[in-house]
Each structure stands twice: as structure tokens, then as C-alpha cells.
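# Descriptive structure summary
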Protein chains: 2
Amino acid sequence: MKANYTRPLDLKHGRVDMNHGAGGRATAQLVSELFARAFDNPWLAQGDDGAVLPAPEPGERLVMATDGHVVSPLFFPGGDIGSLAVHGTVNDLAVMGARPLYLSASFILEEGYPLADLKRIVDAMAEASRSVGVPVVTGDTKVVEQGKGDGVFIATTGVGALPPGRAPGGASARPGDVVLVSGSMGDHGMAILAVREALAFDSEIRSDSAPLACLVETLYAAVPADAIRVLRDPTRGGLATTLNEIARQSGAGMLIDEAAIPVHPQVEAACELLGLDPLYLANEGKLIVVCAPEHAEAALAAMRAHPRGRDAARIGTVIADDHHFVQLRTALGGMRMLDWLSGEPLPRIC
Amino acid sequence: MKANYTRPLDLKHGRVDMNHGAGGRATAQLVSELFARAFDNPWLAQGDDGAVLPAPEPGERLVMATDGHVVSPLFFPGGDIGSLAVHGTVNDLAVMGARPLYLSASFILEEGYPLADLKRIVDAMAEASRSVGVPVVTGDTKVVEQGKGDGVFIATTGVGALPPGRAPGGASARPGDVVLVSGSMGDHGMAILAVREALAFDSEIRSDSAPLACLVETLYAAVPADAIRVLRDPTRGGLATTLNEIARQSGAGMLIDEAAIPVHPQVEAACELLGLDPLYLANEGKLIVVCAPEHAEAALAAMRAHPRGRDAARIGTVIADDHHFVQLRTALGGMRMLDWLSGEPLPRIC
Ligand SMILES: Nc1ncnc2c1ncn2[C@@H]1O[C@H](COP(=O)(O)OP(=O)(O)OP(=O)(O)O)[C@@H](O)[C@H]1O
Ligand SMILES: Nc1ncnc2c1ncn2[C@@H]1O[C@H](COP(=O)(O)OP(=O)(O)OP(=O)(O)O)[C@@H](O)[C@H]1O
Ligand SMILES: [Mg+2]
Ligand SMILES: [Mg+2]
Ligand SMILES: [Mg+2]
Ligand SMILES: [Mg+2]
Ligand SMILES: [Mg+2]
Ligand SMILES: [Mg+2]
């Protein structure tokens, strides 16, 4: 069924206008000709106020996560706001131990934004959603006046199912546990900054934006569920901030070995140039795992056997510490505190 | 557990700054001292990447709905963006026939926005969420530079449980069904426009922003589930657009009696002044019900007995029509087509 739109949407030369957000014919046309066509699934096609979906299996719990995305620029090496909005939310479900099931997407568009660029973003989002097998089942579209937004903002919310026995959480790290990372640190943050600062390198620094759901399933297949104490994706604030969050939530400290942390040489070099620390740069396809010591080798091996965990490394241990400090043994053998990100913000990285 | 914030957030004179969105210490402080304190529930307090929640009861399906909120101004008679963001999403779950269970909230804040105003919004949101019994279990906070946003945008997503037997949907209206509305049309839209246009009336026009979940349960208690063919909240585009959506989805027409549609005299007067039609103005606490004819009287009586449905009315019927036209028998006895909202947009009404 179709409303009799006067003419098809001009996806080549058209622009977002205020009518696209007014909830009338133009909104319906944008949804059916652009969004619903790209996301293409029966729940969305229904066109009702929400989506009716199969519930998790008996015994499974529900997991819910949300992220707004305001990354600037909207397109960057290795991704764009559309694929990022899928990966970001899928990853927050995955690090809760859940199988991601469904996504919602809320778009806030700026008047005047080219429909052709919006289509690129929506197509990339649809492709990311298809490739991780998590459909966008419901959505919303609002438009704000020129100068009251910035092209495109996308808030995605994910719902997943948590199999029985799994209960990773930031509060579950215990002294003696081992800290693992799935790969190099800082790629996403530096990819964005390099575009913004128009840095030129021999080869482009690419975002690591990618889904972690499959890597997490691989991990759970390799070690007992209760050996996996904490999973987290080190996004804004980077590895340093994420480790501090875990330390605070668990009431423990950490001892991290700087030399063991994988960082791409190019990211390292760009950091030196800009006076930044890769441990504070965002990642969008990396996993931190806090694991029971007796299963750490198996966990590491399982990650390394997976394409998204090839460079996985053991980077430190959880220790007893009433101050919940994260300490870094530096490459030169000294010690320094690895504090939360503070001071100069790195805005709009995701 | 608490990070050692240098000093507490200045909720009286402070302003949102870019650091509040950078994902480090300042973000954590804003979340713990403002958001988590107001929303106050164990899932959110956990502070993990998502919330682990009880799943729907066996036999129930899952319902998911999302809406971005960009209303301007942020505060208006009868509500604000915070309470609206709760009601909007709760209502989309309710009109799917679902019991609303959980909400997520994604905030996009503009640099420089006063924290005191943000606190008013968040407190109103928390109050609305408490009073409808649907907690905000997970959230996200991003900040954009001054001039790249407009104070506060909030995207809420809701998850609900659909009891067996219920299946209202826009495609289920059949010729002979009766169309009911739960009360007066156009209040929300006109409340917003009146503030924007600085119209002065004898008494203020107030938004009808309110949750519909309880009214929907009352309806299901009064008539068999399959008698309720369609439920919908006539938000953007108003009653006219919503009826056209239903007609299109169902492949039917409608015959609506203008004189039967409740409109507050003040809204009527303001519409005349501004050259607007109340049937195209948004509502944020009203229900459209398409009901099997033999149960229409019971449904109407049940709504009228509920505080949110006191002014409920039977406004027309579904008819066979291959063009899916919505026709209005005017108060003067003539007939006119009630088309989708098009032409002059009414921007940022929700
Ligand atoms: N950007 C989008 N991507 C995918 N689907 C969308 C998008 N925007 C809207 N939709 C879908 O279009 C349909 C109508 O959405 P709409 O937002 O108009 O409904 P609503 O939320 O009931 O109304 P309102 O937003 O005025 O409260 C829904 O099925 C919704 O899931
Ligand atoms: N505005 C908010 N209201 C309520 N809770 C919030 C809000 N913003 C963040 N939170 C909560 O704070 C915690 C940390 O959120 P944060 O967004 O930093 O995590 P993340 O999504 O894993 O990281 P990122 O957003 O960088 O991907 C989560 O438990 C989240 O639910
Ligand atoms: Mg609706
Ligand atoms: Mg996240
Ligand atoms: Mg909507
Ligand atoms: Mg996360
Ligand atoms: Mg809605
Ligand atoms: Mg987040």
C-alpha cells in the first residue's frame, strides 16, 4: 500500500526540508522510499507505532542498551555515522553477554542536508545491520532548522537476550583476574582526529568500527561463563577510562603493562604529533575482557583465532587496592597512574 | 562507589560543556549526580553498558518503539521535553496493545545549556517515568558545540510486553468498524504554537501530554481483545493524518462526522486566528480506537469512565473505499476530503 505521492523522492539532488519531519505525507514518503526500503524487514514494513517481536527464549533475560551518535565528520575512513550507530549499540549488548536481537533508530536531521548523503548513511546502516543479523525494526524521523543540528544525529537502541549463566558486569573483577584486550587501541579516535586535523600519513588510519557479537560468542564457547567477569568496549575515554570504570565498580585496582598494549605504529606516531595518548582514544570494535586467571590462556587463544581478535593481548591483572587505582608499568620500567580522561575533551568522536 | 570528583556538579549556575560528552570523569559525574540520581533504579545504578532485565512472561511477545524529541520551546504549558519524551514512547507501546516495561533515554545536549534547566527536564522525566511505572533503565549523553544543537534533544526507546490475543494494528480496520477518540483534538499542537506565537488568551491552552497505558488496559478489560482493531495516538499530523494512515494500511475508507469530534473552544478560536485546522494539530495524550461495531458502545463507556477518556466520542465509521479516502461530513452538512497533512509544516511540535 502506498500513499499517492505527487512525485518520487529526489534522492540525487533533493535536500531534507522541514516537511520531512512534520509527520504528514512528506514524512511518510521519506520513511517508505528511503528508510523502510533500505532496512527492509517485515516488522518495519508493517508501519505501526512500534514493532511486535518474538520474545527471548524461556530462561533468557532481556538486555537493553542505547547510544546517541553525533560523530563529526559523518564519513570517515573505515565507516560513517550509520554503520557506527549499528556497531556501537550492538557492541554494548554484546559486552553485556547478550545475543543482540533488534535495533531501533531515531534520526534527527538538519534542514538542508543532502538526501543523497543521507541515503549513503542509511544504506551503510542497513548493510551493517544485515551483516550482523540485527534488523532495525522501528524508527523515528525528526527535522530541525538549519543551524539547530549538524547534518545527522542517530540514536540507536538495542534489545538482546542474555543466555542463562552469563553475568558479566563491571563490578565483577576480582584481584588475581587477568585483563585482556582484543586488539590495537586508539584506531577509531585517531581516524576521526586525523580527518579533522587533515593529517596526511603514508597510509590512511582507519576506524576499527566493527561488531563484537561474534567475538563474544566465540569467547563464551571457549571458557566457562563465570570465568568471564567483565566485558566492555573501550569507546569514549579509551582503554584508560574504561579500566578506571571497572576498577571503581569492582572496588579493586589494576596493574597494566604498557608494553603489552597493542597500538598501531601509525596511531602511535600521530599521537606523538598531536600530543595525545592512544590509551585515551576511542575504539569502536575492540573488547576488554577481565577473566579468571585459570581460563585466561584459553580466552586469549580463542580471541586470537577469531578475525576480530587476531592481535589480542594479555595486558595486566586486577589487584587489591582500596584506592581503585589503575597503575601502568611503563615501557621504560617506571610506574604511572592511568587516570580517567579529563582535561582537554575530544568531542564528537562517536 | 564514586569517582573522586574534584567538586560536586554546580546544578545552580553550571552549564553543559564539551567535557560532559567526552566520556571521561565529567561525563561520569553528570550521569551519577544528575541522571542516575533522578531516574534512581537498580538497573541504571549498576552502571554497565546496558541493563539486564526480566523478560516478558511466557506467551507474551516483545514490543519496541522509539521517538526522538526536538520540541521547541523545551518548556510549555502542560509539560516539557522530559515528560513528553516519556509519554510519547510509552504511548506508542500502549497503542500496540503492550504493557510498557522499560525505557532508554539518549540525550544530545548543546554546549552552554544551563544545568539548572537540564535538571528541571530530567526531574520531570523521572517524575513521568515513576508515575507511569516505567523506569529509565539505560541512557547515553552526548554534547555538541554551541550552534550545532538546540538545548536538549531526547530520544527515548520503549520495550513492552504484548499479552496473548492482542494484535491491534493499522491494517486491521474493516468496513463497518466504529472510530472512537478519547478526547479533544489539537491541544498539544496549539499549546506549543500559542507559546511560539506569544498568543494571549483568557486562560492558557495546555498540552494534553499524558500516558495512555492505563486507558488502554481499561479498554482491553471492557471488550474482547479482537474487537479492538486499531489503536493509535494521533501525534504529528493530528487526527487527519492518523486516520489516513489507518485507511491506507487497511485498504479501506472512512466517513467521519466533524460535529462529533471534540475540540476545546479555545483551541478552535486559536485555530481560526492562525488559519489552522485542529484536526491537523498534534496530540500527546489521546487515543484513536477502531472498534468492532458490536462492542463500540462498551468501549466508549469504558473510556468515558476513565479520567483520560472523559470526553471520548464516536466520530465515524470505516467504509469500503478503493481509494482509501477519509471523508468528513462537515458541521454544515457538506462533505470534504480529509487529506494527509501536507503544505505548511508545523515544525518541532514534539
Ligand atoms: N528513520 C526511520 N527509519 C525507519 N523507520 C522509521 C523511521 N522513521 C519512522 N519510521 C517508521 O515509520 C512509522 C511511522 O513513524 P512515526 O514516527 O510517524 O510514528 P509515531 O511515532 O507513532 O508518530 P510520532 O513520531 O509523531 O509520535 C513507524 O512504523 C516507524 O517505525
Ligand atoms: N543521560 C543518561 N541518563 C541515564 N543514564 C545514563 C545517561 N548517560 C549515560 N548513562 C549511563 O551511564 C553508563 C555509562 O554510559 P556510557 O554512554 O558512558 O557507556 P557506553 O555506551 O558503554 O559508552 P559510549 O557511549 O562511549 O559508547 C551506562 O550505564 C549508561 O546507561
Ligand atoms: Mg504513535
Ligand atoms: Mg556505547
Ligand atoms: Mg515516531
Ligand atoms: Mg560500552
Ligand atoms: Mg510516537
Ligand atoms: Mg553510551
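Within each chain, residues carry numbers counting from 1 in the order of the written sequence. All chains are assigned letters beginning at A, and all ligands numbers beginning at 1, according to the order in which they are written. Where local features are concerned, this predicted model is filtered to residues with pLDDT of at least 70; where side-chain atom pairs are given and counted, the filter is 80 or more; whole-chain, interface and lining totals use all residues. Side-chain numbers come from the whole structure's heavy atoms, not from hydrogens or water.

What follows covers the interface of chain A and chain B. Reports often express the size of an interface as the amount of accessible area lost when the parts come together. Facing the 85 residues of chain A at the interface are 85 residues of chain B. Of the roughly 6,600 Å² buried where chain A meets chain B, counting both sides, 59% is carbon and sulfur surface. Computed with a 1.4 Å rolling probe, the buried area is the accessible surface lost when two parts are put together, summed over both parts. Looking only at chain A, the three residues that lose the most surface to chain B are Asp49, Met64 and Arg236 of chain A, adding up to 12% of its buried area. Just to be clear on terms, a salt bridge is a Lys or Arg side-chain nitrogen sitting within 4 Å of an Asp or Glu carboxyl oxygen. Lys148 of chain A is the partner of Asp150 of chain B in a salt bridge, and the nearest nitrogen-oxygen pair spans 3.9 Å. Mapped by element, the contributors of at least two residues to the side of chain A that touches chain B are helix H1 (25-39), strand E1 (51-53), strand E2 (61-69), strand E5 (99-110), strand E6 (136-144), strand E7 (152-162), strand E9 (228-232) and helix H7 (238-250) of chain A. Ten residue types, Ala, Val, Leu, Ile, Met, Phe, Trp, Tyr, Cys and Pro, are classed as nonpolar, four, Asp, Glu, Lys and Arg, as charged, and the remainder, Gly among them, as polar. For the side of chain A that touches chain B, the residue count by class is 38 nonpolar, 27 polar and 20 charged. Strand direction decides the pairing type here: E1 of chain A and strand E2 (residues 61-69) of chain B, joined by three bridges, are antiparallel. Bridge pairing in E2 of chain B links Val52 of chain A to Val63 of chain B. Contact definition: two residues touch when any of their heavy atoms are within 4.5 Å. For the purposes of this entry, the term helix denotes a DSSP run of H or I that reaches at least four residues, the term strand denotes a run of E that reaches at least two, and both are numbered from the N terminus. Each pair of strands is called paired provided DSSP finds at least two bridges between the two strands.

Let us now look at the site of ligand 1. Here a residue counts as near a molecule or strand whenever at least one of its heavy atoms sits within 4 Å of it. With respect to spatial proximity, 17 residues lie near ligand 1, and among them Asp48, Asp140 and Thr141 of chain A together with Thr235 and Arg236 of chain B are the closest. One of the side-chain N or O atoms of Thr138 of chain A is found 3.1 Å from an oxygen atom in ligand 1. Taking 620 Å² as the accessible area of ligand 1 by itself, protein coverage stands at 89%. Put simply, the parts of the chain that give the shell around ligand 1 at least two residues each are H1 and E6 of chain A. At five residues, the largest contribution of residues to the shell around ligand 1 is made by E6 of chain A. Taken together, the residues that form the shell around ligand 1 break down as five nonpolar, five polar and seven charged. We call two N or O atoms a polar contact when they sit within 3.5 Å, provided that within protein one can donate a hydrogen and the other can accept it, with sequence-adjacent residues counted only if both atoms are side-chain atoms. Every accessible area reported is derived by Shrake-Rupley at a probe size of 1.4 Å, with residue values counting cover from the shown protein chains alone.

Every one of the 17 residues lining ligand 2 counts as a neighbour, but Thr235 and Arg236 of chain A together with Asp48, Asp140 and Thr141 of chain B are closest to it. More than one chain lines the surroundings of ligand 2; the residues nearby belong to chains A and B. At a separation of 2.8 Å, an oxygen atom of ligand 2 approaches a polar side-chain atom of Arg236 of chain A. One of the side-chain N or O atoms of Thr138 of chain B is found 3.1 Å from an oxygen atom in ligand 2. Secondary structure elements with two or more residues in the shell around ligand 2: helix H1 (25-39) and strand E6 (136-144) of chain B. Considering each element in turn, the shell around ligand 2 owes the most residues, five residues, to E6 of chain B. The class makeup of the residues in the shell around ligand 2 is five nonpolar, five polar and seven charged.

With that settled, consider the coordination of the magnesium ion (ligand 8). Only nitrogen, oxygen and sulfur atoms qualify as donors, provided they sit within 2.8 Å of the metal or within 3.2 Å for Na, K and Ca; with water excluded from the atoms, sites may seem incomplete. Asp67 of chain A (OD) and Asp140 of chain B (OD) make up the full set of protein donors to the magnesium ion (ligand 8), lying at 2.0 to 2.1 Å. In this model, the magnesium ion (ligand 8) sits 3.7 Å from the magnesium ion (ligand 4), the two metals being bridged by Asp67 of chain A. One end of the pair, Asp67 of chain A, is in strand E2; the other, Asp140 of chain B, is in strand E6, on a second chain. Here's how the labels work: a residue is buried when its accessible area is under 20% of the maximum for its type, exposed when over 50%, partly exposed in between, all with a 1.4 Å probe on protein chains only. Accessibility expressed as a relative area gives 6% for Asp140 of chain B, which makes it buried.

Centres within 6.5 Å are what make two rings of Phe, Tyr or Trp a pair, Trp counting through its six-membered ring; a difference in plane orientation under 30 degrees is then read as stacked, over 60 as edge-to-face, and the rest as tilted. Evaluated as defined, the whole model comprises seven aromatic pairs over all chains. Between Phe35 of chain A and Phe107 of chain A, the aromatic rings sit 4.6 Å apart at their centres with planes inclined by 50°, giving tilted as the arrangement. Taken together, the residues Phe35 of chain A in helix H1 and Phe107 of chain A in strand E5 connect sequence positions 72 residues apart. Owing to a relative accessible area of 2%, Phe107 of chain A belongs among the buried residues under this scheme. Taken together through their ring pairs, the aromatic side chains of Phe35, Phe39 and Phe107 of chain A make up a single cluster. Counting as a charge over the ring demands two things of the Lys NZ or Arg CZ atom: a distance within 6 Å of the ring centre and an angle within 35 degrees of the ring normal. Here Arg166 of chain A stacks its cationic end above the ring of Tyr220 of chain A, 4.0 Å away from the centre of that ring. Between the NZ or CZ atom of Arg120 of chain B and the centre of the ring of Phe75 of chain B, over which it lies, the distance is 3.8 Å.

Before going further, it helps to examine the side chain of Arg166 of chain A. Residues and elements named next belong to chain A. Within the secondary structure, Arg166 is located in the loop between E7 and strand E8 (178-181). Given a relative accessible area of 9%, Arg166 falls into the buried group. Of the polar contacts made by the side chain of Arg166, one reaches the backbone oxygen of Gly97; its length is 2.8 Å. With near-sequence residues (within four places) excluded, Arg166 lies in contact with Arg61, Gly97, Glu217, Tyr220 and Ala225.

Six octahedral donors at a metal ideally form angles of 90 or 180 degrees, and four tetrahedral donors ideally form angles of 109.5 degrees. All names here are of chain B. The protein atoms that coordinate the magnesium ion (ligand 7) are Asp67 (OD) and Asp92 (OD), at distances spanning 2.0 to 2.1 Å. Separation of the magnesium ion (ligand 7) from the magnesium ion (ligand 3) amounts to 3.6 Å, with Asp92 serving as a shared donor to the pair. Within this pair, whereas Asp67 is found in strand E2, its partner Asp92 is found in helix H3 (residues 81-94), the two being separated by 25 residues in sequence. For the pair Asp67 and Asp92, a shared accessibility class is recorded, and that class is buried.

With that settled, consider H7 of chain A. All names here are of chain A. With 13 residues, H7 should reach 18 Å at 1.5 Å per residue; the first-to-last C-alpha distance of 18 Å fits that figure. Across the 13 residues that make up H7, a large majority, 12, are buried. Regarding H7, the residues found buried are Gly238, Leu239, Ala240, Thr241, Thr242, Leu243, Asn244, Ile246, Ala247, Arg248, Gln249 and Ser250. How far a helix is expected to stretch is found by multiplying one less than its residue total by 1.5 Å.

Residues and elements named next belong to chain A. In this document the domain limits rely on a domain assignment from an automatic tool or a database. Structurally, chain A comprises domain 1 (18-162) and domain 2 (170-337). The centre of domain 1, based on its C-alpha atoms, is set 27 Å off from the matching centre of domain 2. Residue-level contacts link 19 residues of domain 1 with 23 residues of domain 2. Contact between domain 1 and domain 2 buries roughly 1,700 Å² in total, counting both sides, with carbon and sulfur atoms accounting for 63%.

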